[in-house]
Amino acid sequence: MSTEGQVITCKAAVAWEPNKPLVIEDVQVAPPQAGEVRIKILFTALCHTDAYTWSGKDPEGLFPCILGHEAAGIVESVGEGVTEVQPGDHVIPCYQAECRECKFCKSGKTNLCGKVRGATGAGVMMNDRKSRFSINGKPIYHFMGTSTFSQYTVVHDVSVAKIDPQAPLDKVCLLGCGVPTGLGAVWNTAKVEPGSIVAVFGLGTVGLAVAEGAKAAGASRVIGIDIDPKKFDRAKNFGVTEFVNPKDHDKPIQQVLVDLTDGGVDYSFECIGNVSVMRAALECCHKGWGTSVIVGVAASGQEISTRPFQLVTGRVWKGTAFGGFKSRSQVPWLVDKYMKKVNLM
Ligand SMILES: NC(=O)c1ccc[n+]([C@@H]2O[C@H](COP(=O)([O-])OP(=O)(O)OC[C@H]3O[C@@H](n4cnc5c(N)ncnc54)[C@H](O)[C@@H]3O)[C@@H](O)[C@H]2O)c1
Ligand SMILES: CCCCCCO
Ligand SMILES: [Zn+2]
Ligand SMILES: [Zn+2]
């Protein structure tokens, strides 16, 4: 029986308060309004950004909310005016929208999009600035415009990537955040060339994807840095060629890396969210050309610092959101690359 136009009651993991266990609740999910899509979520993963917001350190973290932003599912129904997806389509919700009409989308210089960010940052939908989630009439905030820790969610149509229906949703759900972020940080943001020496700080999902992207880009060395030595074995499978644990050294980690690489690395990637490590990631780069990419999300209010001379002498400090990929256009491309099991470069 169709649920189109009906309120759906389903299970969701609700974050009632920061730092408190998520609670599986029966949640009401209202039908999609104009420009919105209701999705049956089949698989969702956990990214550190979910944990960051759950911790209460994220000022955009509004409670109670439904977290989750790395998922895959099937369109259940669409609101008025939605033309690019229809019920039954296999999709990946994208926290990084792509409207293709705003100043950002038209700039040709960024993958950021401004169309729905004001609403998603406030935990509501753009149409009426209200939530589609409620529990017995009490509104529950959206998160990052995705809220995938729920059996059903409602997202803006500009935040939905239609993908190959043959793609295994339990695998490609990871193309909702961490994997594209790491790959794109290497290919789009840094543009790592063959033969480069690369340092990856933090060997979680994002760092492992950076390592894989660097390997695919032909890096000669991929130095993995993590305080958890158990991370190295798995990291080798993703292209890390050597491992450094800062806890094994008395010297600052940037000095250790400069000594290991005859003056510094060509590219470094901070995949942790620690502003001290961000400084080390910059300062381990080679004078004259070394480029450091900040991927990690630091707690609100935290600031980075270094001596200006680090930049005056040629080092470049930049950052990335979703690896610079345009979501609706390029997530399907990534899924196709995965399906063809071809070299991702
Ligand atoms: N910019 C973006 O678009 C984007 C996208 C996804 C995730 N993120 C952010 O990227 C970061 C990584 O996400 P994740 O899901 O891979 O995290 P994760 O928790 O899975 O991995 C972090 C890794 O860093 C290691 N680590 C922690 N402190 C360290 C230190 N001082 N030195 C060295 N290693 C240390 C941990 O042992 C762990 O292996 C988070 O800050 C997340 O919010 C950003
Ligand atoms: C928009 C940059 C931060 C996104 C973090 C997703 O995990
Ligand atoms: Zn994420
Ligand atoms: Zn846009």
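Model, not experiment: these values are computed from the prediction.

K.L.:
Mind showing me how you'd approach the coordination of the zinc ion (ligand 3) here?
P.N.:
By definition of the ideal shapes, a tetrahedral metal site with four donors has angles of 109.5 degrees and an octahedral site with six donors has angles of 90 or 180 degrees. Protein coordination at the zinc ion (ligand 3): the donors are Cys47 (SG), His69 (NE2) and Cys177 (SG), at 2.0 to 2.3 Å from the metal. Classification of the site at the zinc ion (ligand 3) as tetrahedral follows from its 4 donor atoms and the range of 101 to 128° in their angles at the metal.

K.L.:
For this particular structure, what's the right way to read unusual backbone geometry?
P.N.:
Glycine aside, residues mostly have negative phi angles, and peptide bonds mostly take the trans form. Look at the link from Phe63 to Pro64: it is a cis peptide, with omega at 0°. Looking at where Pro64 falls in the secondary structure, it is placed in the loop between helix 1 (48-54) and strand 4 (70-78). For Lys191, which is not glycine, the phi dihedral falls at a positive 60°. Here Lys191 shows up in the loop between helix 5 (178-190) and strand 10 (197-201).

K.L.:
Sorry, what's going on with the packing of aromatic side chains here?
P.N.:
Under the counting rule described, the total for this entry stands at 3 aromatic pairs. Taking the centre distance of 5.6 Å and the plane angle of 80° together, the rings of Tyr95 and Phe322 count as edge-to-face. With Tyr95 in the loop between strand 5 (90-93) and helix 2 (103-107) and Phe322 in the loop between strand 15 (316-319) and helix 11 (327-340), the pair connects residues that are 227 residues apart, well separated along the chain. This pair shows no difference in class: Tyr95 is buried, exactly as Phe322 is. Their ring planes at 25° and their centres at 4.8 Å tell us that Phe232 and Phe243 sit as a pair that is stacked. One end of the pair, Phe232, is in helix 7 (residues 231-236); the other, Phe243, is in strand 12 (residues 242-244), and 11 residues separate them in sequence. A relative accessible area of 21% places Phe243 in the partly exposed class. Sitting over the face of the ring of Phe232, Lys236 holds its NZ or CZ atom 5.2 Å from the ring centroid.

K.L.:
Explain the coordination of the zinc ion (ligand 4) here, please?
P.N.:
Protein-derived ligands of the zinc ion (ligand 4) are Cys99 (SG), Cys102 (SG), Cys105 (SG) and Cys113 (SG), with the metal-ligand distances lying across 2.3 to 2.4 Å. Metal-centred angles of 105 to 116° between the 4 donor atoms at the zinc ion (ligand 4) mark the site as tetrahedral. In the primary sequence, the donor residues of the zinc ion (ligand 4) line up as C-x2-C-x2-C-x7-C.

K.L.:
So what exactly am I meant to see when it comes to the site of ligand 1 here?
P.N.:
Lining the immediate environment of ligand 1, one finds 25 residues, of which His48, Thr49, Asp226, Thr320 and Phe322 sit closest. The separation between an oxygen atom of ligand 1 and a polar main-chain atom of Val206 is 3.1 Å. Within the contact set of ligand 1, an oxygen atom lies 2.8 Å away from a backbone nitrogen or oxygen of Phe322. Protein burial of ligand 1: of its 870 Å² of free accessible surface, 84% is covered by the chains. For the shell around ligand 1, the secondary-structure elements that each account for two or more residues are helix 1 and helix 6 (205-216). When grouped by side-chain class, the residues that make up the shell around ligand 1 number 13 nonpolar, 9 polar and 3 charged.

Cut-off values and rules
- Residues numbered from 1 in each chain as written.
- Chains lettered and ligands numbered in written order.
- Predicted model: local features only at pLDDT ≥ 70, side-chain atom pairs only at ≥ 80, totals over all residues.
- Heavy atoms only, no water.
- Donors = N, O, S within 2.8 Å, 3.2 Å for Na, K, Ca; no water.
- Tetrahedral: all angles 85-135°; square planar, octahedral: opposite > 155°, others 65-115°.
- Helix = DSSP H or I, 4+ residues; strand = E, 2+ residues; numbered from the N terminus.
- Phe/Tyr/Trp six-rings, centres within 6.5 Å; stacked < 30°, edge-to-face > 60°.
- Buried < 20%, exposed > 50% of the residue type's maximum accessible area, 1.4 Å probe, protein only.
- Lys NZ or Arg CZ within 6 Å of the ring centre and 35° of its normal.
- Near = heavy atom within 4 Å.
- Polar contact = N/O pair within 3.5 Å; in protein donor to acceptor, adjacent residues only side chain to side chain.
- Areas by Shrake-Rupley, 256 points an atom, 1.4 Å probe, with all protein chains shown as cover.
- Nonpolar A, V, L, I, M, F, W, Y, C, P; charged D, E, K, R; others polar.

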